[in-house]
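Here's the letter readout for the chains.
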Amino acid sequence: FFFSSRRRHTRCSGVSWARRCVQETGSNEESTQNLKLDETSLTLQSYGIQDQRVQNLVITVDKIKHNMILSKQFDPPFVILDEKEICKMLWGNNSQGRENSRRPKDDGSIRDEIVSILFEKLQSGTAADNFLSKEVKPLESEDLTIRLYQIRKVFLQLSQYIRQCDCETYNFSALADIVYFYAFTFNYFRAFDYNNCASPEIILRKCDIHEPNKYEKIDENTASQEEEKVLGEIRRYSNQFIWGQLVGWFKQTVDKPQASLSEGRRGTVSYPSLTDSFRSKAYPYKGTRNNWLQMIVKKPGNMWPTGDSWSYKNDRKVYGTMLLDSFLYKEALPHWLEKVIGKIDDNYESQLQLFEEINQVVMGKDYEKVKQ
């Protein structure tokens, strides 16, 4: 997965990514089960599919290597955020509870986005507002692991309070759902900022173009004429080319694979913007919340459709969702999404029980420290 913590060079990252892709796509049963062929034909078909995948992976690795050489940058494409960075993104610079949540303090954190929404949409005195301004205990722990656990738990509580809010022009239920998802999100990352670069000019000469009966008239085709430049083109690479190529490794005919990244990231690795979304009661998949939640469980890899009221603008350029975590921990927690979505409308005690179960698995030995 080309992930690096603190930009540590990992020479084997390309090999690890390719091996993971082969493992994930190695089974050809799904690709061949609907073909009405005999056993021999199915076997040949499966070999063909596997060979094509391996070829595409080799071409992808070669393209990434070429791009890194051109940019003279060999850092892994993704950098995992450390605990300090995640705390700052979720809760802001200070760990203390705000004395007055009615005064938005824009430090770019998720908490302040929520405070700003409550300030804009509601009158003071709501349960969510009182919770933020009075009931949230200061997050005083110097241990960032414990502090992150506390922040996730506060988000879980906050989603309950937000769900009680009501406004004709704002979908507080959708906001509560996303805040609830944040409570079950553990990993965040950003893309490494490569330099834009360009390949050397590729020149097409007259002698490179095939013309029937071209060389029957020798006197009209001198060496100097044949060396004339017909076309010259430079291939330019954006700073997101590598990410786009990694995502689109299975297709090699796309000139700019990064062009579809913004669509593919919607919901899968990037939550909607809290301040720019939820302007109506509609949901992004067939307009209803139930259909949207079912899509998350059944097709977690599918991008979330856009709508008039949901925006996926990501000024932080930080990525990470519960859906991605459910894939990263699918062996330890095989039914993560089903359980989390299944309790989305339960009371706090029921949600807290699941919250503790998941944290115990994901945090491992650190969970014992938290409980102490």
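Residues numbered from 1 in each chain as written. Predicted model: local features only at pLDDT ≥ 70, side-chain atom pairs only at ≥ 80, totals over all residues. Heavy atoms only, no water.

S.K.: Would you mind showing me how to read the confidence of the model for the protein here?
M.R.: Atomic detail in the predicted coordinates should be set aside for any region of low pLDDT. Counting all residues, the mean pLDDT for the protein is 81, and 75% of those residues have values of 70 or more. The low-confidence segment residues 1-11 (pLDDT under 50) makes 29 contacts with residues lying over four places distant or belonging to another chain. (pLDDT = per-residue confidence, 0-100. Contact = heavy atoms within 4.5 Å.)

S.K.: What should I look at first to understand the packing of helix α7 (residues 144-163) against helix α15 (residues 348-363) in this one?
M.R.: Any two packed helices are characterised by the angle at which their axes cross and by the distance between the axes. Viewed as axis vectors pointing N to C, α7 and α15 meet at an angle of 155°, and their least axial separation amounts to 11 Å. Put simply, α7 runs roughly antiparallel to α15. For the pair α7 and α15, the crossing hand works out as right-handed. Residue-level contacts link T145, Y149, R152, K153, L156, Q157, S159 and Q160 of α7 to Y348, Q351, L352, F355, E356, N359 and M363 of α15. (Axes fitted to C-alpha atoms, helices over the stretch in contact; angles between N-to-C directions. Helix = DSSP H or I, 4+ residues; strand = E, 2+ residues; numbered from the N terminus. Parallel < 35°, antiparallel > 145°, perpendicular 65-115°, else oblique. Left-handed = near helix turned anticlockwise from the far one by under 90°.)

S.K.: Would you mind showing me how to read a nonpolar patch on the surface here?
M.R.: A surface patch of nonpolar side chains, about 300 Å² in accessible area, is lined by L204, I209, V230 and L231. On the secondary structure map, I209 appears in the loop between β5 (202-205) and α9 (223-226). (Patch = residues over 30% accessible without salt bridge, like charges linked within 9 Å, V, L, I, M, F, W, Y side chains within 5 Å. Areas by Shrake-Rupley, 256 points an atom, 1.4 Å probe, with all protein chains shown as cover. Salt bridge = Lys/Arg side-chain N within 4 Å of Asp/Glu carboxyl O.)

S.K.: What is the right way to read the packing of aromatic side chains from this model?
M.R.: The way to describe two aromatic rings as a pair is by their centre distance and the angle between their planes. Following the criterion strictly, the structure yields 27 aromatic pairs and no others. Ring centres 5.3 Å apart and planes at 75° place the aromatic pair F78 and F189 in the edge-to-face group. Here F78 is found in strand β2 (residues 78-80), whereas its partner F189 is found in strand β3 (residues 189-191), with 111 residues between them in sequence. Judged by relative accessible area, which is 5%, F189 ranks as buried. Ring centres of Y283 and W310 lie 5.9 Å apart, and the angle between their planes is 55°; this geometry places the pair in the tilted category. (Phe/Tyr/Trp six-rings, centres within 6.5 Å; stacked < 30°, edge-to-face > 60°. Buried < 20%, exposed > 50% of the residue type's maximum accessible area, 1.4 Å probe, protein only.)

S.K.: Would you take a moment to explain the side chain of N67 for this structure?
M.R.: Inspection of the secondary structure puts N67 in helix α3 (residues 39-71). A residue is classified by how much of its surface remains accessible, and N67, at 2% relative accessible area, is buried. When residues no more than four places from it in sequence are discounted, the contact partners of N67 are C197, Y237, F241 and I242.

S.K.: Can you help me understand the side chain of E356 in this one?
M.R.: Residue placement: E356 occurs in helix α15. For E356, a relative accessible area of 13% corresponds to the buried category. Here Y367 takes part through its side chain, which lies 2.7 Å from a polar atom of the side chain of E356. Aside from chain neighbours lying at most four places away, what touches E356 is Y149, K153, Y367 and K371. (Polar contact = N/O pair within 3.5 Å; in protein donor to acceptor, adjacent residues only side chain to side chain.)

S.K.: Explanation requested: unusual backbone geometry in the structure shown.
M.R.: Most peptide bonds take the trans form, and the phi angle of most residues other than glycine is negative. With phi around 60°, K72 is a residue other than glycine that occupies positive phi space. With respect to the secondary-structure elements, K72 resides in the loop between α3 and β2. Residue K72 is classed as exposed on the basis of its relative accessible area of 71%. Its identity is not glycine, yet K317 carries a phi of approximately 60°, on the positive side. Note that K317 resides in the loop between α12 (289-298) and α13 (322-328).

S.K.: What's the story with helix α8 (residues 172-183) in this structure? I'm lost.
M.R.: Since there are 3.6 residues in each turn of an α-helix, residues three or four apart along the chain are aligned in direction. Here α8 is twelve residues long and its end C-alpha atoms lie 17 Å apart, about the 16 Å a rise of 1.5 Å per residue gives. Turning to α8, its buried residues are F172, A174, L175, A176, D177, I178, V179, Y180, F181, Y182 and A183. (Expected span 1.5 Å × (residues − 1).)

S.K.: Hey, could you run me through the nonpolar core in this one?
M.R.: Membership of the largest hydrophobic core comes to 67 residues, with the highest contact counts inside it found for F181 and F184. Ranked by the residues each element gives to this core, the list is headed by α8, at ten residues. The residues contacting F181, other than those within four sequence positions of it, are Y271, W292, L293, I296, W304, M322, I341 and I344. Counting residues in hydrophobic clusters, the runner-up holds 16 residues, among them F78, W243, V269 and L324. (Core = buried A, V, L, I, M, F, W, Y, C linked by side-chain atoms within 4.5 Å.)

S.K.: Explanation requested: the packing of helix α5 (residues 110-121) against α8 in the structure shown.
M.R.: Interaxial distance between α5 and α8 falls to 12 Å at its minimum, and their mutual angle equals 165°. Between α5 and α8, the interaxial angle falls into the category roughly antiparallel. Relative to α8, the crossing made by α5 is left-handed. Where α5 abuts α8, its residues I110, I114, I117, L118 and K121 lie against F172, L175, V179 and Y182. Taken together, the residues of the contact of α5 with α8 break down into eight nonpolar, no polar and one charged. (Nonpolar A, V, L, I, M, F, W, Y, C, P; charged D, E, K, R; others polar.)

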